[in-house]
Amino acid sequence: MTDDQELPKQYDHAAAQERWYSFWEERGYFHSEPNPVKKPFCIVIPPPNVTGALHLGHALNNTLQDILIRQKRMQGFETLWMPGTDHAGIATQAIVERRLLSEEKLSRHQLGRQRLVERIWQWKKDYEKRILGQLKQMGCSCDWQRTRFTLDPVCAKAVRETFFTLFKEDKIYRGKRLVNWDTFLQTAVSDDEVFHEPVKGHFWHFRYPVVSPKPGEPTHVTIATTRPETMLGDTAVAVHPDPAAALARAEADLQERLDAAPSKEKADLETQLDEIRRRRREMLPQLEQLRDMARDGRLLELPLTGRRIPLVADVWAKPELGSGCVKITPAHDANDYDVWQRNLQIGAINILNPDGTLNEQVPQKYRGMTVKKSREAVVADLEAAGLLVEIEDREIELAHSDRSKTPIEPYLADQWFIRMDELAQSAMDAVTDGRVKIAPDRYAKSYLDWLSEKRDWPIGRQLWWGHQIPVWYCKTATEADLQRAFADRNDVVWQRDPQRGQWLICVREGELAADAVPGHPLVREEDVLDTWFSSALWPHSTLGWPEQTPELKYYYPTNVLITSRDIITLWVARMVLMGLHNVGQVPFHQVFIHPKILDGYGEGMSKSKGNGVDPLDVIEKFGTDALRFGLAYLTTETQDVRMPVEYECPHCGKLIEQTRENRTKPKIKCKHCAKEFSTQWAEKPEDKALPRGAVVSERFELARNFCNKLWNASRFAMLNLDQFQPGPVADDDLMVEDRWVLSRLATVSQQVTDALAQYRFADAARTLYDFAWDEFCSFYVEMVKGRLQDPAQRTTAQRVLAHTLDTLLRLLHPMIPFLTEEVWQRLGQFAPQRGIDAVEPAAESVLRAAWPCCDASRQDAVIESQFARFQDVLRAVRDIRARQGVAPKTLLKFSIRCEPEAADVLRPMESYFESMANAKSCGVGPDMAPPPLCAHVTLSGMDVFVDLADLIDVPAEIARKKQEIEKLTGFIASKEKKLSNKSFVDRAPADVVQKERDSLKDLQDQMAAAREVLDRLATK
RNA sequence: GGGCGGUUAGCUCAGUUGGUUAGAGCACCAGCUCGACAAGCUGGGGGUCGAUGGUUCGAGUCCAUUACCGCCCACCA
């Protein structure tokens, strides 16, 4: 480089990022191959969804992975970071479908399967490119040659093999289950993809007539519902089998709660208790009568349908609620479904079409109506029939699809399931016996709790985007036909589906022709697999399983998985059980769950809330290094990261706080310059007319400032390293500050290594921040300045400075890769060979340099405490200057009264007081008396006197001394009290008591010194 | 309803096994353009550690109760 004569005062992050990322990539530093000489270290990326661009949560996730990867690479591991993206079935298809509808007014059915899938592939291509580009901008050192996608052929092969094996082992079956039906996307979604949201609704009370009531029997049964239209699918009305016992129990429970409740809640519970007592008095006879009628098999007339439905006794009907009777709609309600399972004779009627309209199971007039329309119609008709009792307003927690944001309909459908009993148990065992360690360990609990339910996993999705289920149906063949047709094939297996009376035929690879069984047509299952099915295979499928590739053998099990807590169950647990099933080994040894990034209100960031942050905005404003260091600095074990966010006005550059009100608005008027700006990325050309305001957070300033500080410290080094002569440094040549900084450096290396090994990213970042700023910059660099000008001392000073900077760069590289590389390369210009013990050529890139080992022989507690003494005195002198208002240019004269040992340490530092505090020493030792007019600071075992002659503000200094004496008096009193407390002296450990005694003595000495100075001042 | 986490300076957060006078960054105040750095330097003000009770010679730290905030799970005809 020839253009580096003038180093800019500010670090140009954009230039460094561009230059060094391509430098690393071109040299193939990120690529990994199995290498028997080295130990492997492998992380598989949690594949981002191709639904959209990455947000700040991804930036955190990937930064942490890259920090570990870079550190392990420097530690000499053969390091592979496997990158890739996830097809995210429902989410991606939903986005593309929504666009199709809004821009071309086309439904997916109008477009057709093949063309829709083509569109989604195009979308995937665009976003994958954008996502991988973002990862590169973040500095991620992934092995891009190995980039995978969950739908690519390698992953598809693993999916087929897994499905085939599970099918063969009878762990996959087809069953009828109530599913969460998304009527917009026309697919089932899992429980995990459903969220509840309160909506205003009603609670309707209806009466169903009793068929031929006997004298004394009620003529009607009253039921209540929030979803009246489902009455068309009712198959029973339930009443509790033992209402008396149920009410008694409810009363007892309530009484217990009432006894324990705080007084302000008692009134409410009293009311509830009264209500239950009233029911026991007034309603019990009728409920028991209804129960008896249920036992008799009596029927009710289901209004509007002409159907007759039975009255049944079932515990689901709670006598303490509503009328005590409940309508049963097994096909459209989870609890009613359970009632059906207990009373199979009542049957189930599905009244919905997949698109959410009513089907042929309902009377003609309601067919084809949407749920909303039919609800109005049913209510009106019941009212007309005189069967509507009342309508209450009520807020209802309505289930919504996370994907389409539309209400979920519970819906009885055929589904594919994986039996979870054995698989779940294997994944639980892996964590309980420690083969997989989850950190922080509290998350192991949620993992185990979820798995212990062993709920079968519904794996089918009624989508077009995904791995199509490799099953063919055949209705007409006999088993003999199948055996004949597939006699010579061990890659075809089949099961009987008794509910539908058909064969389910699964093939390991490829397709089955429609005429594979002569005379009996085969039809392929249309549905695709749940996205998590392929994600669950990610750690081994990306390494080539089911082939026994060298990669699989070498890198599997991977070392650590880094992810966020919301997918512990969806993803982590399933990877463990699939890894165990397919490969026979856990997929990773460690799981680290990192914090979530929240906005300034403590809410999670999401696109729909409009409070997300694009990492590229942060990168542009602060730089990738600041983004990464800032995120690492915030990654503590217990806390989520709260990040107040501002918009940066593109017109005037001022920041506007993001609020709950303005964050969802597409455009905002700047309150400083009154011009408007957009908050959205321009998706259409016409949007670009309005410039976009970047979303940033002040919380990255600390890291940006730190990077700049480092840049300038490095700049200082460059300006002082010309004519650098490499060579070992003899211990005798080392000055106090050299030995001190080397000791600190050794300790810091150890602390950072330990912190990263335990995923304490914030500790590692803080340790480096404090060392680099407060010790290296504020002290070492300041102290070495003079020596660099002195030809006799210059060489040693340069060698230690270069070595210290070199080590610091290596320690910081995993967090701030670009700046460290930029400086490393420049340092290489001046000091291509460096080191203080043995001299070695510097690595061609800091990325390839060795991770600093802790050189325990350099750790020197004596030097560190001596240095602390020097720092104390320096601070005292500066303090006096500031409080006396003495101009920085005025030279101060000071003296120190202290023990001879301390004097021996401080005397060699005299020149540093001059350069760092503009203060000249007039003597150090036990006999130093305070000058006639002085300001004074007392430290443990030392008195610092600054001779101020006529400069001094005497009244101010007297006031200060008095205040100090008052403070000391208080401390001394509390110490004396403590030490005169017999139980403290007797019970506390001896060293603690001694420490207190020493401390009291010290305080008394300080008091004496302060009095002495005060007396002198007072006589003036 | 069950579980988990949080509550420390105006804001955002540290605080290791209980042990002198509880820390940092930002913001604030005063002073500094001194040959690395104003994204800086020097000094300063600011906290009864959510509340109550307990254990202890000693509690921000351990225990119990409680309030508030957030997250996860379950349920709500």
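Just so it is clear, the model here is predicted, and its values are computed rather than measured.

(A) A look at the packing of helix α2 (residues 56-74) against helix α20 (residues 624-634). Between α2 and α20, whose axes approach to 9 Å, the crossing angle comes to 90°. On the basis of the axis angle, α2 is roughly perpendicular to α20. Contacts between α2 and α20 involve L56, A59, L60, T63, D66, I67 and R70 from the first element and L627, R628, L631 and A632 from the second.

(B) Broad picture of the protein's contact with RNA strand B. Taken together, 58 residues lie near RNA strand B, and A224, V326, N335, R699 and R987 sit nearest. Atoms of RNA strand B within 4 Å of the protein belong to the sugar or the phosphate in 65% of instances, the rest to bases. One of the side-chain N or O atoms of S999 is found 2.8 Å from a base oxygen in RNA strand B. It is helix α21 (residues 701-719) that provides the largest number of residues to the surface near RNA strand B, a total of 9 residues. Taken together, the residues of the surface near RNA strand B break down into 20 nonpolar, 14 polar and 24 charged.

(C) Broad picture of the sheet that holds strand β20 (residues 502-507). Here 4 strands make up an open sheet; going across it, the order is β19-β20-β18-β21 and the pairing antiparallel. The open sheet has two free edges, formed respectively by β19 (492-497) and β21 (523-524), since each of these has just one partner strand. By the bridge criterion, 2 bridges tie strand β18 (residues 471-474) to β21 in an arrangement that is antiparallel. Bridging from a neighbouring strand, Y473 pairs with V523 of β21.

(D) Broad picture of the nonpolar core. In terms of nonpolar packing, the biggest core is built from 211 residues, with Y447 and F870 touching the most fellow members. At 15 residues, the largest contribution of residues to this core is made by helix α23 (residues 761-789). Sequence-distant contacts of Y447, defined by excluding residues within four places in its chain, comprise A427, M428, V431, I438, I568, V572, A573 and V576. Counting residues in hydrophobic clusters, the runner-up holds 39 residues, among them F206, V210, M369 and L387.

(E) Structural detail: the side chain of T796. Mapping T796 onto the fold places it in helix α24 (residues 791-812). Residue class for T796 comes out buried when judged on its relative accessible area of 12%.

(F) Seen up close, the sheet that holds strand β15 (residues 437-439). As summarised here, the arrangement of the 3 strands in space is β15-β24-β23, forming an open sheet in which the pairing is parallel. A strand with exactly one partner marks an edge of an open sheet, and here the two such strands are β15 and β23 (558-564). The average angle at which neighbouring strand axes cross in this sheet is 20°, direction not considered. In this sheet, strand β24 (residues 588-594) lies alongside β23 in parallel orientation, the contact comprising 6 bridges. Bridging from a neighbouring strand, V560 pairs with Q590 of β24.

(G) Structural context of the packing of aromatic side chains. All chains considered together, the criterion is met by 40 aromatic pairs. Look at F779 and F867: their rings are 5.9 Å apart centre to centre, the planes differ by 75°, and that puts the pair in the edge-to-face class. Separated by 88 residues along the polypeptide, F779 in helix α23 and F867 in helix α26 (residues 861-884) bring together distant segments of the chain. Here the two residues F779 and F867 agree in accessibility, since each one is buried. Between F894 and F913 the ring centres are 5.0 Å apart and the planes differ by 65°, which places this aromatic pair in the edge-to-face class. Within this pair, whereas F894 is found in strand β34 (residues 892-898), its partner F913 is found in helix α28 (residues 910-917), the two being separated by 19 residues in sequence.

(H) Quick peek at the environment of V371. Checked against the element boundaries, V371 lands in helix α11 (residues 371-384). The buried category is assigned to V371, whose relative accessible area is 14%. Each residue touching V371, except ones within four places of it in the same chain, is listed here: E229, L352, G356 and E409.

(I) Representation of the pattern of salt bridges. Inspection of the entire model under this criterion finds 63 salt bridges. For the salt bridge of R278 with E282, the shortest nitrogen-to-oxygen distance reads 2.7 Å. Of this pair, R278 and E282 both sit in helix α8 (residues 263-282), 4 residues apart, which is roughly one turn of the helix. What makes R278 partly exposed here is its relative accessible area of 27%. With its nearest N and O atoms 3.6 Å apart, the salt bridge here joins R858 to D731. Note that R858 is positioned in the loop between β33 (840-841) and α26 and D731 in the loop between α21 and α22 (736-757), a separation of 127 residues in sequence. On the basis of relative accessibility, which here comes to 15%, the residue R858 falls in the buried class. A residue is classified by how much of its surface remains accessible, and D731, at 53% relative accessible area, is exposed. Here the residues in one salt-bridge network are E33, D143, R146 and E551, joined through shared partners.

(J) Expanded view of helix α6 (residues 153-168). Here α6 is 16 residues long and its end C-alpha atoms lie 22 Å apart, about the 22 Å a rise of 1.5 Å per residue gives. Looking only at α6, the buried set comprises C155, A158, V159, R160, E161, T162, F163, F164, L166 and F167. One or two residues past the end of α6 sits D170, with phi positive at roughly 65°.

(K) Representation of helix α31 (residues 990-1019) within the structure. Taking 1.5 Å per residue as the helical rise, α31 with its 30 residues ought to reach 44 Å, and the 44 Å between its terminal C-alpha atoms agrees with that figure. The set of residues buried in α31 consists of V993, E996, L1000, D1002, L1003, Q1006, M1007, A1009, A1010, V1013, L1014 and L1017. Those residues of α31 that are buried lie in contact with β34, β36 (934-939), β37 (942-947), α29 (954-980) and α30 (982-987).

(L) Layout of the pairing of strand β5 (residues 172-182). Among the 11 residues of β5, 8 are classified as buried, and the element is accordingly described as predominantly covered. Sheet analysis places β5 next to strand β14 (residues 408-418), joined by 11 bridges and oriented antiparallel. Each bridged residue has a counterpart across the sheet, and for G175 the counterpart in β14 is Q415. Bridge count between β5 and strand β6 (residues 187-189): 3 bridges; the pairing is antiparallel. Residue pairing for β6: N180 is matched across the bridge by V189. The antiparallel hairpin formed by β5 and β6 contains 4 residues in its connecting segment, where Q186 sits at a positive phi of about 55°.

(M) Seen up close, unusual backbone geometry. A cis geometry characterises the amide bond from A439 onward to P440, with omega recorded as -10°. Here the residue pair W545 and P546 is connected by a cis peptide bond, since its omega of 10° sits within 30 degrees of zero. Not every positive phi belongs to a glycine, and K105 is a case in point at roughly 55°. If you trace the backbone, K105 turns up in the loop between α3 (89-104) and α4 (108-111).

(N) Quick peek at the state of the cysteines. Applying the stated criterion across every chain, the model contains 0 disulfides. No disulfide involves C670; its nearest neighbouring cysteine sulfur is the one of C649, lying 3.6 Å away. For the unlinked cysteine C673, the closest cysteine sulfur is that of C670, found at 3.7 Å. Classification of C673 as partly exposed rests on a relative accessible area of 24%.

(O) Main features of the packing of α3 against helix α5 (residues 113-137). Interaxial distance between α3 and α5 falls to 10 Å at its minimum, and their mutual angle equals 105°. Comparing their axes, α5 and α3 come out roughly perpendicular. Residue-level contacts link T92, Q93, I95, V96, E97, R99, L100 and E104 of α3 to L116, R119, I120 and W123 of α5. Per-class residue counts for the contact of α3 with α5 are 6 nonpolar, 2 polar and 4 charged.

Definitions and cut-offs
- Residues numbered from 1 in each chain as written.
- Chains lettered and ligands numbered in written order.
- Predicted model: local features only at pLDDT ≥ 70, side-chain atom pairs only at ≥ 80, totals over all residues.
- Heavy atoms only, no water.
- Axes fitted to C-alpha atoms, helices over the stretch in contact; angles between N-to-C directions.
- Helix = DSSP H or I, 4+ residues; strand = E, 2+ residues; numbered from the N terminus.
- Parallel < 35°, antiparallel > 145°, perpendicular 65-115°, else oblique.
- Contact = heavy atoms within 4.5 Å.
- Near = heavy atom within 4 Å.
- Polar contact = N/O pair within 3.5 Å; in protein donor to acceptor, adjacent residues only side chain to side chain.
- Nonpolar A, V, L, I, M, F, W, Y, C, P; charged D, E, K, R; others polar.
- Pairing = 2+ DSSP bridges.
- Core = buried A, V, L, I, M, F, W, Y, C linked by side-chain atoms within 4.5 Å.
- Buried < 20%, exposed > 50% of the residue type's maximum accessible area, 1.4 Å probe, protein only.
- Phe/Tyr/Trp six-rings, centres within 6.5 Å; stacked < 30°, edge-to-face > 60°.
- Salt bridge = Lys/Arg side-chain N within 4 Å of Asp/Glu carboxyl O.
- Expected span 1.5 Å × (residues − 1).
- Disulfide = S-S within 2.5 Å.

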